[in-house]
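Here is what each chain is made of, one letter per residue.
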Amino acid sequence: MHVAASLLEREDELAALDAALVRARHGEGGFVVVEGAAGIGKTSLLRALRARAEEGGLRLLTARGSELEQTLPYGVARQLFERAVARATPEERDDALSGAAAHAAPLLSAEPGAASAADADAAFAVMHGLYWLAANLAEREPLVLAIDDLHWADASSLRWLAYLARRIEGLPLLALATVRPLQSESDAALAELLADPATLTVRPSPLTHEAVAVILGERVANGVAADLSAAAHAATAGNPLLLRELAGALAGAGPAAEAEDVRRLAPEVLSRRVRLELAR
């Protein structure tokens, strides 16, 4: 079976995600974090899990952390639930926001000024309400919450996710997030979530020489020379994103690309990516 280049050598990671998905479908909820450096393939695994969830008939709600929205209280939580609540029928909305979930209603309301309902005095009530909203939706149909770039999530959403992780067992609900390794001890809410015994952490490894040769063969030329793939592996340290960018540059050098082309092109390709990361 053909495997997408972005998922090469990710069989173990996909198996762990599939197992978590099966457990959630049968009422054994869990929180899974895909952790790794930028470009290691976290988002590719998240996309694969999202596709499998939809194919399996699970409901999927998505969100993505953003450095521009880190100061927006419950920004990630809003992304997950706002559209689901807004698009629901009145009966579905009443069911989703029944009981303690009603505490989350002001946060998700489209009415002007409703967002201010999540003041510090109501923080616990909102977290509890969001938990019950997720539980109510999951009881209606198995649910997947997929969050990309969790390291850029706002503090309120991180605290809520840590709250959810401690109570997710027994729900037909899988929460899956991608995250970079912690950069600072000040990331207390994220550290708490990652350290929770209920959180399963999946860490994709760098690609091997063999996978590098396969990707170069698909993007540059068939029958890539050993010294070319070795040079590319050394230049990118097996990072899939850096490898794809280097392969794109090598493709411009024609089908006769050599190891010397890697040494010539790699510094600019890699420094461009580093500059982008620093700018972000």
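Residues numbered from 1 in each chain as written. Predicted model: local features only at pLDDT ≥ 70, side-chain atom pairs only at ≥ 80, totals over all residues. Heavy atoms only, no water.

## Section: the overall build of the chain
Argument step 1. Helix and strand content of the chain: twelve helices and five strands.
Argument step 2. Out of the 280 residues belonging to the chain, those deemed buried represent 48%.
Argument step 3. Sequence separation of 24 or more characterises 78% of the internal contacts of the chain that already satisfy a separation of 6 or more.
Argument step 4. For the chain, the computed accessible surface area is about 13,400 Å², with 53% contributed by carbon and sulfur atoms. (Helix = DSSP H or I, 4+ residues; strand = E, 2+ residues; numbered from the N terminus. Buried < 20%, exposed > 50% of the residue type's maximum accessible area, 1.4 Å probe, protein only. Contact = heavy atoms within 4.5 Å. Areas by Shrake-Rupley, 256 points an atom, 1.4 Å probe, with all protein chains shown as cover.)

## Considering the packing of helix α9 (residues 209–219) against helix α10 (residues 226–236)
Argument step 1. α10 packs onto α9 with a crossing angle of 110° between their chain directions and a minimal axis gap of 9 Å. As summarised for this structure, α9 and α10 are arranged roughly perpendicular, according to the angle between their axes. The two elements α9 and α10 meet at a crossing, and its hand is right-handed. Mapping the contact onto sequence places His 209, Val 212, Ala 213 and Leu 216 in α9 and Leu 228, Ser 229, Ala 230, Ala 232 and His 233 in α10.
Argument step 2. Along the lines of polarity and charge, the residues of the contact of α9 with α10 split into six nonpolar, three polar and no charged. (Axes fitted to C-alpha atoms, helices over the stretch in contact; angles between N-to-C directions. Parallel < 35°, antiparallel > 145°, perpendicular 65-115°, else oblique. Left-handed = near helix turned anticlockwise from the far one by under 90°. Nonpolar A, V, L, I, M, F, W, Y, C, P; charged D, E, K, R; others polar.)

## Topic: the pattern of salt bridges
Argument step 1. Under the counting rule described, the total for this entry stands at eight salt bridges.
Argument step 2. We note a salt bridge from Glu 92 to Arg 140, for which the minimum N-O separation is 3.9 Å. In this pair, Glu 92 sits in helix α4 (residues 90–96) while Arg 140 sits in helix α6 (residues 123–140), placing the two residues 48 residues apart along the sequence.
Argument step 3. A relative accessible area of 32% means that Glu 92 is categorised as partly exposed.
Argument step 4. On the basis of relative accessibility, which here comes to 48%, the residue Arg 140 falls in the partly exposed class.
Argument step 5. The salt bridge involving Glu 192 is made with Arg 166; its shortest N-O contact spans 2.7 Å. A residue pair is termed long-range when its members are at least 10 positions apart, and Glu 192 in helix α8 (residues 188–195) and Arg 166 in the loop between α7 (155–165) and β4 (173–179) qualify at 26 residues.
Argument step 6. You can call Glu 192 partly exposed: its relative accessible area is 41%.
Argument step 7. You can call Arg 166 partly exposed: its relative accessible area is 43%.
Argument step 8. Overlapping salt bridges bring together Glu 92, Asp 95 and Arg 140 as one network. (Salt bridge = Lys/Arg side-chain N within 4 Å of Asp/Glu carboxyl O.)

## Brief notes about the sheet that holds β4
Argument step 1. Strand order in the open sheet formed by five strands is β2-β3-β4-β1-β5, and the pairing between neighbours is parallel. Both outer strands of the open sheet, β2 (59–64) and β5 (199–202), are each paired with one neighbouring strand and no more. In this sheet, adjacent strand axes meet at a mean angle of 15° when their direction is disregarded.
Argument step 2. The sheet contact formed by β2 and strand β3 (residues 143–148) spans six bridges and is parallel. By the bridge assignment, Arg 59 is partnered in β3 with Leu 143.
Argument step 3. Contacts from helix α1 (residues 11–25) reach β1 (30–35), β3, β4 and β5, with the element oriented near 150° to β4.
Argument step 4. Taken strand by strand, α8 contacts β1, β4 and β5, and its axis lies near 95° from that of β5. (Pairing = 2+ DSSP bridges.)

## A look at the confidence of the model for the chain
Should the pLDDT be low somewhere, the predicted coordinates at that spot are not to be read in detail.
Argument step 1. With 89% of its residues at a pLDDT of 70 or more, the chain has an overall mean of 88.
Argument step 2. Under a pLDDT of 50 for its full length, residues 112–118 has, in the predicted model, 13 contacts with residues more than four places off or in other chains. (pLDDT = per-residue confidence, 0-100.)

## What to know about the environment of Leu 190
Argument step 1. Summarising the element assignment, Leu 190 is placed in helix α8.
Argument step 2. Exposure remark for Leu 190: the relative accessible area of 3% places this residue in the buried category.
Argument step 3. Considering only alpha carbons, one finds Leu 190 and His 151, 39 residues apart in sequence, at a separation of 7.3 Å.
Argument step 4. Apart from residues lying up to four places away in sequence, Leu 190 is in contact with Leu 150, His 151, Leu 158, Val 179 and Leu 182.

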